[in-house]
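Okay, here's what each chain looks like letter by letter:
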Amino acid sequence: GIQVEQSPPDLILQEGANSTLRCNFSDSVNNLQWFHQNPWGQLINLFYIPSGTKQNGRLSATTVATERYSLLYISSSQTTDSGVYFCAVGGTGTYKYIFGTGTRLKVLA
Amino acid sequence: DAGITQSPRHKVTETGTPVTLRCHQTENHRYMYWYRQDPGHGLRLIHYSYGVKDTDKGEVSDGYSVSRSKTEDFLLTLESATSSQTSVYFCAIQTGGTGELFFGEGSRLTVL
């Protein structure tokens, strides 16, 4: 099955800093999503982005499907950005989503 | 809000007892999923359903069974709970249009 790797595993930032989170996957995908799990455990949808680039406020994401990676950019980070960021992919011909192990982000005031 | 409700939200049980977790959706989505989340493992797929009475196994299905007798409900059963099944369980639906996943609030299960 598809393998999903996220990097870095942990990240500590000062408030206001920018960051880039990476998701590598091992095979062609039909679906790719980024989620934020907040400190209360809720999984929040950030982007559905099997290809291309999207932006939502301070967050943006790019997926280069041909090279099998996706990037999540966080600009001007805030303490509320803290939590775990997950990448999840769904392969061709399947409805199963496979998750990476996440990037744990801590933003310091 | 994708209209997903999980119950119970918290449960403590003893080894060897049966446990059923319920996922209820209000929007008639065809695809429903059960994941478990454990430290160091992210979310792992247990079972999923692609219609009433149509289910399939995920990565970590041993010790779990599921049932879907109507579109809105997807049940996850631990026939005889073990301590290794202590986890947070998430239900998800997949929208029919984009295929985007949306999650419920999670159910925290502790098996003593």
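Treat the numbers as computed from the prediction; the structure is a model and nothing was measured.

(A) Spatial organisation of the overall build of chain B. Check the secondary structure of chain B and you find zero helices and 11 strands. In chain B, the succession of helices and strands from N to C terminus is β-β-β-β-β-β-β-β-β-β-β. Since a compact globule built from 112 residues should have a radius of gyration of about 13 Å, the 13 Å found for chain B is in line with a globular shape. With the principal axes as the frame, chain B shows a C-alpha extent of 40 × 30 × 25 Å. The buried share among the 112 residues of chain B stands at 51%. By sequence separation, contacts in chain B at least 24 residues apart represent 53% of the contacts at least 6 residues apart. A total of about 5200 Å² of accessible surface is found on chain B, and carbon and sulfur atoms cover 47% of it. Put simply, chain B has 11 plus and 13 minus side-chain charges, and the middle of one group is 3 Å from the middle of the other.

(B) The state of the cysteines, seen in detail. Residues and elements named next belong to chain A. Tallied over the full model, the rule gives two disulfides over all chains. Here C23 connects covalently by a disulfide to C87, the sulfurs 2.0 Å from one another. One quick way to see it: the torsion about the S-S bond of C23 and C87 is about -60 degrees, and its sign makes the bridge left-handed. Remark: C87 occurs in strand 9 (residues 83-91) and C23 occurs in strand 3 (residues 19-25); sequence separation between them is 64 residues.

(C) Representation of the sheet that holds strand 3 (residues 19-25) of chain B within the structure. All names here are of chain B. Taken in spatial order, the four strands make up an open sheet running 1-3-8-7, and their pairing is antiparallel. Taken across any chain shown, the strands that pair with only one partner, and hence form the sheet edges, are strand 1 (4-7) and strand 7 (64-70). Strand-to-strand twist across the sheet, computed as the mean angle between neighbouring axes with direction ignored, equals 20 degrees. Examined bridge by bridge, strand 3 and strand 8 (residues 73-78) share six bridges and lie antiparallel to one another. If you follow L21 over to strand 8, its bridge partner there is L76.

(D) Examining the side chain of R36 of chain B more closely. Residue and element names in this part refer to chain B. Tracing the sequence through the fold places R36 in strand 4 (residues 31-38). Among the polar contacts listed, one links the side chain of R36 to the backbone oxygen of S84, at a separation of 2.8 Å. Among all residues touching R36, those that are not within four sequence positions of it are G42, L43, R44, I46, V60, Y64, S84, Q85, T86, S87, V88 and Y89.

(E) Molecular detail of the interface of chain B and chain A. Facing the 21 residues of chain B at the interface are 17 residues of chain A. Between chain B and chain A lies a buried interface of about 1600 Å² when both sides are counted; carbon and sulfur atoms form 58% of it. Counting across the chain B and chain A interface gives zero salt bridges. For the pair chain B and chain A, the interface holds seven residue pairs in polar contact (both at pLDDT 80 or more). Class assignment of the residues belonging to the side of chain B that touches chain A gives a composition of 10 nonpolar, seven polar and four charged.

Definitions and cut-offs
The residue numbering used here restarts from 1 in each chain and proceeds along that chain's sequence as written. For naming, the first written chain is A and the first written ligand is 1, with later ones following in the order written. Totals for whole chains, interfaces and linings use every residue, but because this is a predicted model, local features are given only for residues with pLDDT of at least 70 and side-chain atom pairs only at 80 or more, for both listing and counting. Each side-chain value is derived from all of the structure's non-hydrogen atoms; neither hydrogens nor water enter the calculation. Helix and strand assignments come from DSSP, with helices taken as H or I runs of at least 4 residues and strands as E runs of at least 2, each series counted from the N terminus. The atom set for the radius of gyration is the C-alpha atoms, and the globule formula is 2.2 Å times the number of residues raised to the power 0.38. For every residue, the accessible area obtained with a 1.4 Å probe (protein chains only) is divided by the maximum for its type, and the residue is called buried under 20%, exposed over 50%, and partly exposed between those limits. Any two residues having at least one pair of non-hydrogen atoms within 4.5 Å are treated as being in contact. What sets the accessible areas is the Shrake-Rupley method with a 1.4 Å probe; for residues, cover comes only from the shown protein chains. Positive charges come from Lys and Arg, negative ones from Asp and Glu, while His and the chain ends are left out of the count. Note on charges: their place is set at NZ of Lys, CZ of Arg, CG of Asp or CD of Glu. In what follows, a disulfide is any cysteine sulfur pair within 2.5 Å. Strands are treated as partners if at least two bridges between them are detected by DSSP. Only the stretch in contact is used when a helix axis is fitted, and all axes are lines through C-alpha atoms; the angle between N-to-C directions ranges over 0 to 180 degrees. Any pair of nitrogen or oxygen atoms within 3.5 Å is treated as a polar contact; in protein, a donor-acceptor pairing is required on top of that, and neighbouring residues in sequence qualify only through side-chain atoms on both sides. Put simply, buried area is the surface a 1.4 Å probe can reach on two separate parts but cannot reach once they are joined, added for both. Any Lys or Arg side-chain nitrogen found within 4 Å of a carboxyl oxygen on Asp or Glu counts as a salt bridge. Here the nonpolar group is Ala, Val, Leu, Ile, Met, Phe, Trp, Tyr, Cys and Pro; Asp, Glu, Lys and Arg are the charged ones; every other residue, Gly included, is treated as polar.

Just distances and angles here, no functional claims.
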